[in-house]
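Read off the chains here:
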Amino acid sequence: MSWQDYVDNQLLASQCVNKACIAGHDGNIWAQSNGFEVTKEELAKLISGFDQQDLLTSNGVTLAGQRYIYLSGTDRVVRAKLGRSGVHCMKTTQAVIVSIYEDPVQPQQAASVVEKLGDYLITCGY
């Protein structure tokens, strides 16, 4: 399965995620949904925030030019929100999965889809 297949068939097809991308820890994008214009620089800041959450607390999470309010996170998961949209990201061994969801999808629905794929990628060494 290609990286694009993971985005299209695992994340977007769930209908719990509206936009998504998978990138390496260096911020290079491996696959992304149409119209999700996230930049390498935005991803690099997000990835550094997994280890230094105070960066996200003060600056928020910016994806595709949109700044989201950081809600919570761990060294594996980052959550953010803005109005009716939310962000759920998961860091795996070699990658980061970034997802945007919108109402009426609940945060836990998006989290379940993203983390299920993330756990699978971890078992595959990614």
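These notes cover the structure that comes with them. If you're wondering where the values come from, they're calculated on a predicted model, not measured in any experiment. (Residues numbered from 1 in each chain as written. Predicted model: local features only at pLDDT ≥ 70, side-chain atom pairs only at ≥ 80, totals over all residues. Heavy atoms only, no water.)

Attention shifts here to the pattern of salt bridges. Where charged atoms of side chains with opposite charge meet at close range, the side chains can pair. What the rule picks out here adds up to 2 salt bridges. Here Asp 51 makes a salt bridge to Lys 91, at a shortest N to O gap of 3.6 Å. With Asp 51 in helix H2 (residues 40–51) and Lys 91 in strand S6 (residues 85–91), this residue pair connects regions lying 40 residues apart in the sequence. Assessed through its relative accessible area of 17%, Lys 91 is described here as buried. Between Arg 76 and Asp 119 there is a salt bridge, with the nearest N and O atoms lying 2.7 Å from each other. A residue pair is termed long-range when its members are at least 10 positions apart, and Arg 76 in the loop between strand S4 (66–73) and strand S5 (77–82) and Asp 119 in helix H4 (residues 107–123) qualify at 43 residues. (Salt bridge = Lys/Arg side-chain N within 4 Å of Asp/Glu carboxyl O. Helix = DSSP H or I, 4+ residues; strand = E, 2+ residues; numbered from the N terminus. Buried < 20%, exposed > 50% of the residue type's maximum accessible area, 1.4 Å probe, protein only.)

Quick look at the packing of aromatic side chains now. In this description, an aromatic ring pair is defined by two values, namely the gap between the centres and the angle between the planes. For the structure shown, the criterion picks out 4 aromatic pairs. Ring geometry for Trp 3 versus Trp 30: centroids 4.6 Å apart, planes at 50 degrees, classification tilted. Of this pair, Trp 3 sits in helix H1 (residues 3–11) while Trp 30 is found in strand S2 (residues 29–32), placing the two residues 27 residues apart along the sequence. Centroid distance Tyr 6 to Tyr 120: 6.3 Å. Interplanar angle 55 degrees. Geometry classified as tilted. Of this pair, Tyr 6 sits in helix H1 while Tyr 120 sits in helix H4, placing them 114 residues apart in sequence. (Phe/Tyr/Trp six-rings, centres within 6.5 Å; stacked < 30°, edge-to-face > 60°.)

Spatial relationships are all this shows, so hold off on functional conclusions.
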